[in-house]
Amino acid sequence: SGSLSDNTVDIGKATQRFQDLYLSGGVYLGGTGSANYLSDYENGVFTPTVTWQSGSPSYVSQGRYTKVGNIVTVRAKIQVTASGGSGIVTIENLPFTAYSVTQAGCGTERGNTGKSIGVWVDSSTSRLSMRYYDYSDVGANGDIMVVSATYQVA
């Protein structure tokens, strides 16, 4: 009839869907307030670089991230392939620079000990630091460190 309606029209159905949606701006999800506005969403991979406070064991690493607006969650897996590290472990080359120091989360190291890890993202960097609660040997061959952190980007 040409008249405007509100909250009455669906786009597609469960078995009749659209494939892609291209927008020049963001999208409002679940409401029209600023808290409902989504302007950025991204998934990706990154290669973490790792240093130990003492020593430099060999390792292999892989990382993934999800960014929604200005919040990013990173997940990294580091497997030590040659012994020799201890102390605070620093993971660099995060995909985005942190806005401020963030108590980011925690992680665990599995291998011989199952140590707990405190995790924080350093202010204005793309560096994640981890402090083991018992860090006499955090770089033994075969150890796998798995960490997840969520922080606000600059």
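Look up: the structure comes first, before these words.
Here is what the cut-offs are and how they apply
Residues numbered from 1 in each chain as written. Predicted model: local features only at pLDDT ≥ 70, side-chain atom pairs only at ≥ 80, totals over all residues. Heavy atoms only, no water. Helix = DSSP H or I, 4+ residues; strand = E, 2+ residues; numbered from the N terminus. Contact = heavy atoms within 4.5 Å. Areas by Shrake-Rupley, 256 points an atom, 1.4 Å probe, with all protein chains shown as cover. Buried < 20%, exposed > 50% of the residue type's maximum accessible area, 1.4 Å probe, protein only. Salt bridge = Lys/Arg side-chain N within 4 Å of Asp/Glu carboxyl O. Phe/Tyr/Trp six-rings, centres within 6.5 Å; stacked < 30°, edge-to-face > 60°. Lys NZ or Arg CZ within 6 Å of the ring centre and 35° of its normal. Pairing = 2+ DSSP bridges.

Participant: Outline the overall build of the protein, supporting the account with residue identities and numerical values.
Facilitator: Scanning the protein from terminus to terminus reveals zero helices and 11 strands. Seen in sequence order, the protein has helices and strands lined up from the N terminus as β-β-β-β-β-β-β-β-β-β-β. Of the contacts formed within the protein by residues at least 6 apart in sequence, a portion of 60% connects residues at least 24 apart. When the accessible surface of the protein is totalled, it reaches about 9,600 Å², and 48% of it is carbon and sulfur.

Participant: Please provide a residue-by-residue account of unusual backbone geometry, values included.
Facilitator: Of note in the backbone geometry, N7 takes a positive phi value of approximately 60° without being a glycine. Inspection of the secondary structure puts N7 in the segment before β1 (27-28). For N7, a relative accessible area of 79% gives the class exposed. The phi dihedral of N93 falls on the positive side, at around 75°, and the residue is not glycine. The exposure class of N93 is partly exposed, given its relative accessible area of 40%.

Participant: I'd like a description of the pattern of salt bridges, backed by residues and values.
Facilitator: Using the criterion set out here, one finds one salt bridge in the structure. Between K67 and D40 there is a salt bridge, and its shortest N-O distance comes to 2.2 Å. Here K67 is found in strand β5 (residues 59-68), whereas its partner D40 is found in the loop between β2 (37-38) and β3 (41-46), with 27 residues between them in sequence. Exposure remark for D40: the relative accessible area of 24% places this residue in the partly exposed category.

Participant: Quick one: what's the story with the packing of aromatic side chains, residue by residue and with numbers?
Facilitator: Taken as a whole, this structure holds three aromatic pairs when the rule is applied. Both rings, one in Y65 and one in F96, keep their centres 5.4 Å apart while their planes meet at 85°; by these two values the pair is edge-to-face. One end of the pair, Y65, is in strand β5; the other, F96, is in the loop between β7 (86-92) and β8 (102-110), and 31 residues separate them in sequence. Taking relative accessible area as the criterion, Y65 reaches 9% and is therefore assigned buried. Residue classification places F96 among the buried residues on the basis of a relative accessible area of 19%. For the cation-ring pair, K67 lies above F96, with the distance from its terminal atom to the ring centre recorded as 5.4 Å.

Participant: With reference to specific residues and values, describe the pairing of strand β6 (residues 71-80).
Facilitator: Burial of the side chains of β6 is restricted to one face: V72, V74, A76, I78 and V80 are buried, whereas none of I71, T73, R75, K77 and Q79 on the reverse face is. Relative to β6, β5 runs antiparallel, the two sharing 10 bridges. Each residue of the ladder has a partner; that of R64, found in β6, is R75. The turn joining β5 and β6, which pair antiparallel and follow one another in sequence, is formed by two residues; a positive phi near 60° is taken by G69. Two strands pair when backbone bridges link them, and β6 and strand β11 (residues 144-152) are joined in this way by nine bridges, in the antiparallel orientation. Residue pairing for β11: Q79 is matched across the bridge by I144.

Participant: Give me the lowdown on the side chain of T90, citing residues and values where you can.
Facilitator: With respect to the element layout, T90 can be found in strand β7. In this structure T90 touches T49, V50, T51, R127, L128 and S129, once residues within four positions along its chain are discounted.

Participant: Residue-level account of the environment of A98, with values.
Facilitator: Its place among the elements puts A98 in the loop between β7 and β8. For A98, a relative accessible area of 1% corresponds to the buried category. Each C-alpha atom of the pair A98 and T125 lies 5.5 Å from the other, and the pair is 27 residues apart in sequence.

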